[in-house]
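# Secondary and tertiary structure notes
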Amino acid sequence: MRSILIYVIFATVLLMAGILVAICLADTVPNAAGLAHAQFNGMQAGGDGAARLEHIGGLAFAFQALLLLLIICLAALGVAEERRSTEFWAYMGGTLLFSFFVWWQMYFGHQAFLKTGVTSYFMGFPVATAWQVYGTWLGAIPLIILYSVGFRKFIFTEEDEQKYEKLLANIAKKSEQ
Amino acid sequence: MEPYRQEIIIGAVIIYMVFCVITGLWAMRRTKNSSDFFIAGRGLGPIVVSLALFSSTLSGFGFVGGPGLVYSIGVSSFWMIVISSSGYALGFFLVAKRIRMIADVRNCISLPDVLAARYNSEAVRFLIAVTIVLGVMGYLATQILAMAVVLQAILSGTVMFAEIGLVTCVVISSTVLIFYCVTGGIIASVYTDVVQGAIMMIAGVLILLTAMSVFDGGMQEATSIILADDGEAMMPFGAAGIMASLGWFFVFGLGLAGQPHLVTKMMMNRNISDNSVILPMSLLGYVMAALLWVSIGVIMRAAVIDGVIEPLALPDDAASLFLSIFTNPLLAGIVFAGLFAAIMSTSDAFLNIGTAAIIHDIPKAIQGHAIQNELFWARIVTVILAIVAASFALYSHFQDATLVAILGAFGWATFAASIFPVLAIGLNWKGATAMGAVAAIVSALLINFIIQLAGIVLPYGILGGLVAFIVSLVLFIGVSLVTRKPKLDADMEAVLNI
């Protein structure tokens, strides 16, 4: 599985590189990266949000979706191959789906605001932004839980520790000789 | 209390600086060799490592530049913060366990040491060491300048020091930094980081509470004011747009595991199993401290738009003006001390890894062995490096900012692009080759340098650092796949199997 995983990572990165090239070649719109605020020096404004996404919205959506996949694959690469059980992959798959869901809510929440100009609020922020602030951060919390709670099961088992101590003992023995 | 605002702030900063000096003297007695000086003898407990790790992540950029960025570009800059959970998770999944094991097995005292052992390549050691030295110069110069500017702003508010110059402030702040770094090495750095981290966490929470009381309707009123003025600024991609935002997510998130000053701290813990608690504690500390970044930025942008306060002369004034307008003097004192803490905790980490690269890694890569009496030379080079960086900072401030700007490009993004693939993937994939590593490092350095020197602006706000990072990842895996799989030394094979 390890050899397949590195190919999945490689393919994901290649796709992201392709999307970046496509975005660079897409039609540009004025002030796509913001413009100076009309009234206040030092402030930038976003301007016409719909126009900024017109040519690249779908590409950017796909770029972020691939990035979320890349994060999960890289985290899995950090777990020894023999411990990537079905249970492990189910957990990682669930984490990925949760991250996708957050990204979907954020992106399409923003799209809805661009169409209607109205939004509700959640804990101090417009809903789409609340998905970004709270949702994106929470999206990786399952990884933190897996690492911390599952440390002895997936990351560094008792068996690993014994192997490691044996390795250190062998090295110490050799250096004494 | 209000009439003594300036005195209270100065008092808090002086107490903090005296603490740093005392810690340096205390740590000097515990620093007996170069391993103690650079990696604290791999004997630190989980709380110390957690606080040191997160406080080194949030530099002066986080406490000064962060609120300024929110003021300037709105929600776009939040992406640098919300990625912290993914960033820390990847750092621990990919790096924490194996970097600690390799450090133990090969007695490594620096990141280039670890990578030279992993790839059995002095070329990789040399390139990583050079990358670190270049990055450290830019980072240190900007941090020292930031420290001096803040100190000048505080002192010039008093009658006695009204005319104090920037050079004097550079000398004062650099002297404190040099003193505790030279005397106590990394031991002094990490123990000051503990206090620095605690101050930053307290400051973050108190500032959030203060910020929420500025408008009657709390944070929601502030965000609705910004939204009414410019919808995009308060929507998920902010004023800078979707590609700039996603670029920051990528570079700051994945890149965290490629920051030498952070991953080096993963070599210092006493037990590998401590990592299970270090990860959540570091993340919690980071989030608490980062509350300051978000809350000050949002409130100041809303306050200016709503006419509550005058527009800022510079976005980076957001934090200091917020403190002088909206907080009581005691809180302002704590936060200013926190600001120094943030800058110093990053500066001492860079000073340490830069010194290691100069006296340990580059000589080892060139002549095959380390120099004699490393501890003595470490202390000498720490002083020289800090003085050169301080001079560099002053030269850039008064004469020409170009050089620092160019070296500034060797900041987070270049470390991320050149180090992440080689370290984070390389420690978890036996197929990674030295040739792949060299290709990744060289491409990352060249792309960042060329984009910076040529002033290339990519469409839709795409970051040069993002391009460098993706190219580096592609080359690292691609070149490794097509070059011959290396025969690993037995101990490396064993470490990569665990």
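These remarks concern the structure in this document. Values in this document were obtained by computation on a predicted structure and should not be read as measured data. (Residues numbered from 1 in each chain as written. Chains lettered and ligands numbered in written order. Predicted model: local features only at pLDDT ≥ 70, side-chain atom pairs only at ≥ 80, totals over all residues. Heavy atoms only, no water.)

Along the backbone of chain A there are eight helices and four strands. Scaling as 2.2 N^0.38, a compact globule of 177 residues should have a C-alpha radius of gyration of about 16 Å, whereas chain A reaches 22 Å, well beyond that. By its C-alpha atoms, chain A is 75 × 40 × 35 Å across when sized along the principal axes. Counting all 177 residues of chain A, 48% fall into the buried class. Contacts in chain A between residues at least 24 apart in sequence constitute 66% of all its contacts with a sequence separation of at least 6. On chain A, roughly 8,500 Å² of surface is accessible, and the fraction owed to carbon and sulfur atoms is 64%. Averaging the locations of the 11 positively and 12 negatively charged side chains of chain A gives two centres separated by 5 Å. (Helix = DSSP H or I, 4+ residues; strand = E, 2+ residues; numbered from the N terminus. Rg over C-alpha atoms; globule rule 2.2 N^0.38 Å. Buried < 20%, exposed > 50% of the residue type's maximum accessible area, 1.4 Å probe, protein only. Contact = heavy atoms within 4.5 Å. Areas by Shrake-Rupley, 256 points an atom, 1.4 Å probe, with all protein chains shown as cover. Lys, Arg positive; Asp, Glu negative; His and termini not counted. Charge placed at Lys NZ, Arg CZ, Asp CG, Glu CD.)

Turning next to the overall build of chain B. Across its full length, chain B holds 22 helices and zero strands. With the C-alpha coordinates aligned to their principal axes, the bounding extent of chain B is approximately 65 × 50 × 45 Å. For chain B, long-range pairs separated by at least 24 residues make up 85% of all intrachain contacts whose partners lie at least 6 apart in sequence. Element-wise, carbon and sulfur atoms account for 68% of the exposed surface of chain B, whose accessible area totals about 15,300 Å². For chain B, the distance from the average position of its 20 positive side-chain charges to the average position of its 25 negative side-chain charges is 20 Å.

Next up on the list: the environment of Ala417(B). Residues and elements named next belong to chain B. In this structure, Ala 417 sits in helix α19 (residues 412-425). For the pair Ala 417 and Gly 465, spaced 48 residues apart in sequence, the C-alpha to C-alpha distance is 7.2 Å. With residues up to four places along the chain from it excluded, the contact list for Ala 417 reads Ala 440, Ala 444, Asn 448, Ala 468, Phe 469 and Ser 472.

Turning to the environment of Ser345(B), a few remarks are in order. All names here are of chain B. Among the structural elements, Ser 345 can be located in helix α16 (residues 329-367). Each C-alpha atom, one on Ser 345 and one on Val 195, is 9.8 Å from the other, the two residues being 150 residues apart in sequence. The residues contacting Ser 345, other than those within four sequence positions of it, are Ser 55, Ser 56, Asp 193 and Gln 196.

Glancing now at the interface of chain B and chain A. Chain B puts 82 residues into the contact, and the matching count from chain A is 79 residues. Counting the surface lost from both chain B and chain A, the interface buries some 7,000 Å², and carbon and sulfur atoms represent 76% of this. It is Phe93(B), Tyr460(B) and Ile498(B) that lose the most area in chain B upon contact with chain A, and together they represent 12% of the buried surface on that side. Scanning the region where chain B abuts chain A turns up one salt bridge. Two residues, Arg52(A) and Glu232(B), come together in a salt bridge whose shortest N-O distance is 2.8 Å. Here the side of chain B that touches chain A takes 14 residues from helix α6 (residues 84-106) of chain B, the largest share from any one element. Its residues placed into classes, the side of chain B that touches chain A shows 57 nonpolar, 17 polar and eight charged. (Buried area = accessible area lost by both parts, 1.4 Å probe. Salt bridge = Lys/Arg side-chain N within 4 Å of Asp/Glu carboxyl O. Nonpolar A, V, L, I, M, F, W, Y, C, P; charged D, E, K, R; others polar.)

Further remarks concern the pattern of salt bridges. Scanning the model with the defined rule gives 14 salt bridges over all chains in all. Here Arg152(A) makes a salt bridge to Glu161(A), at a shortest N to O gap of 2.7 Å. Using a relative accessible area of 32% as the deciding quantity, one classes Arg152(A) as partly exposed. Among the salt bridges present, the one from Lys163(A) reaches Glu159(A), with a minimum N-O distance of 3.8 Å. Remark: Glu159(A) and Lys163(A) occur in helix α8 (residues 158-176); sequence separation between them is four residues, near one turn of the helix. Overall, the relative accessible area of 39% leaves Lys163(A) in the partly exposed class. Each member of the salt-bridge network shares a partner with another, and the members are Asp113(B), Glu122(B), Arg125(B), Asp361(B) and Lys364(B).

All names here are of chain A. Contact geometry of helix α3 (residues 57-77) with helix α4 (residues 86-116) gives a least axis separation of 10 Å together with a crossing angle of 155 degrees. Classed by the angle they form, the pair α3 and α4 counts as roughly antiparallel. Pair α3 / α4 crosses with right-handed handedness. Along its contact with α3, which presents Gly 57, Gly 58, Ala 60, Phe 61, Gln 64, Ala 65, Leu 68, Leu 69, Ile 72, Ala 75 and Ala 76, the element α4 presents Phe 88, Trp 89, Met 92, Thr 95, Leu 96, Ser 99, Phe 100, Trp 103, Trp 104, Tyr 107 and Phe 108. The residue inventory of the contact of α3 with α4, partitioned by class, reads 17 nonpolar, five polar and no charged. (Axes fitted to C-alpha atoms, helices over the stretch in contact; angles between N-to-C directions. Parallel < 35°, antiparallel > 145°, perpendicular 65-115°, else oblique. Left-handed = near helix turned anticlockwise from the far one by under 90°.)

Right, let's talk about the environment of Gly426(B) for a bit. Residue and element names in this part refer to chain B. Inspection of the secondary structure puts Gly 426 in the loop between α19 and α20 (434-454). Residues Gly 426 and Gly 285, 141 residues apart in the sequence, show an inter-C-alpha distance of 29 Å. Excluding anything up to four places from it in sequence, Gly 426 contacts Arg 118, Tyr 119, Pro 421, Ala 432 and Phe 476.

Below, the discussion takes up unusual backbone geometry. Residues other than glycine predominantly adopt negative phi, and peptide bonds predominantly adopt the trans conformation. All names here are of chain B. A positive phi angle, near 50 degrees, is found at Asn 120, a position not held by glycine. By the element assignment, Asn 120 lies in the loop between α7 (111-119) and α8 (122-155). A residue is classified by how much of its surface remains accessible, and Asn 120, at 59% relative accessible area, is exposed. The backbone of Asn 373 sits at a positive phi, close to 55 degrees, despite the residue not being glycine.

None of this, on its own, says anything about what the molecule does.
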